[in-house]
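Fold and contact review
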Amino acid sequence: DLTWRVNFLSPYLLTRELGRQGAAPMRVVNVGSSLEKFSVLESGMVLGWLQKVEAGAEEVRKSAYSDSKRAQLLWTSVARLSGMPMITVSPGMVNTGLGRHSLRPGLFQLTAPLRAVMLPTSTDGAVRVAEVALDPAFDGVTGVYVNKRTDTNEQLAGRQPDVTKDVV
């Protein structure tokens, strides 16, 4: 499934390969989504899915987007055990084209003025992710899920919640 490959498998494989090659010190910052809360995925399912993908099988779920974001969040939590500095940042709801396929034809275009007024731009969302990624307060921090646009980096840097308790 393309959604899984883009949202989870590609970042997972790239990070794993960079780690194996002994890349320079790095901080992995995944772009999360609050839609992960609609997933039914559990940690054991991620491992099973990865094994199926490596064996060449494809598994498509109706909730591929939320499941792939949940898998990313679970991976962030597991990274704490390995000591890899990894965080997941959800910029919150932003005005992107991601919802265009989930609405009836024409409705997405019809809601454009309302979205433009009510939602931050995709640039604003990207800036929020970059702020967290570049903030020295996160040096050495791992397993953190930044999910609120209003949280300051200073509030979050010292907090390392057990993400699996939050999402499973």
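Every residue gets a number counted from 1 within its own chain, in the order that chain's sequence is written. Predicted model: local features are reported for residues with pLDDT of at least 70 only, side-chain atom pairs are reported and counted for 80 or more only, and whole-chain, interface and lining totals are derived from all residues. Hydrogens and water molecules were not included; the side-chain quantities draw on all heavy atoms of the structure.

Here we look at the overall build of the protein
Threshold: Secondary structure is summarised from DSSP: a helix means a run of H or I of at least four residues, a strand means a run of E of at least two, and numbering begins at the N terminus for each. Relative accessibility thresholds used throughout: buried, under 20% of the residue-type maximum; exposed, over 50%; partly exposed, between the two (1.4 Å probe, protein chains only).
Counting its regular elements, the protein contains 8 helices and 3 strands. Each of the 168 residues in the protein was classed as buried or not, and the buried ones make up 35%.

Topic: the nonpolar core
Buried together is how nonpolar side chains tend to be arranged in soluble globular proteins. What counts is decided by this rule: Throughout this description, the term nonpolar core refers to a set of buried Ala, Val, Leu, Ile, Met, Phe, Trp, Tyr and Cys residues connected via side-chain atoms within 4.5 Å.
In this structure, W4, F8, Y12, V28, L41, A64, A71, W75, A79 and M86 together form the largest nonpolar core, which totals 10 residues. Those elements that provide at least two residues to this core are α1 (2-20) and α3 (64-82). No other element matches the 4 residues that α3 contributes to this core. Counting 8 residues, the second-largest nonpolar core is a separate cluster that includes V89, F138, V141 and V146.

With respect to the sheet that holds strand β3 (residues 144-146)
The following threshold applies: We treat two strands as partners when DSSP finds at least two bridges between them. Fitted lines through C-alpha atoms give the axes, limited to the stretch in contact for helices. The angle between two N-to-C directions lies from 0 to 180 degrees.
One open sheet holds the 3 strands; their spatial order is β1-β2-β3, and the pairing between them is parallel. A single partner strand is all that each edge strand has here, and the edge strands are β1 (28-31) and β3. Ignoring strand direction, the axes of neighbouring strands in this sheet form an average angle of 20°.

Section: the confidence of the model for the protein
Our working rule: Think of pLDDT as the predictor's per-residue confidence, scored from 0 to 100. Two residues form a contact once any of their heavy atoms are found within 4.5 Å.
Here the protein shows a mean pLDDT of 75. Residues at 70 or above account for 73%. The least confident element of the protein, judged by mean pLDDT, is helix α8 (residues 163-167) at 38; the most confident is β1 at 89. For the stretch residues 152-168, pLDDT sits under 50, and the model shows 42 contacts to residues farther than four places along the chain or on other chains.

Notes on the pattern of salt bridges
What counts is decided by this rule: One side-chain nitrogen of Lys or Arg within 4 Å of one carboxyl oxygen of Asp or Glu is enough to make a salt bridge.
Taken as a whole and judged by the stated rule, the model has 3 salt bridges. Close ionic contact of R70 with E36 constitutes a salt bridge, the shortest N to O distance being 2.8 Å. Separated by 34 residues along the polypeptide, R70 in helix α3 and E36 in the loop between β1 and α2 (43-54) bring together distant segments of the chain. A salt bridge links R128 to E131; the shortest N-O distance between them is 3.8 Å. Linking R128 with E131, this pair stays in helix α6 (residues 122-134), spanning 3 residues, or about one helical turn. On the accessibility criterion, E131 (41% relative accessible area) is partly exposed.

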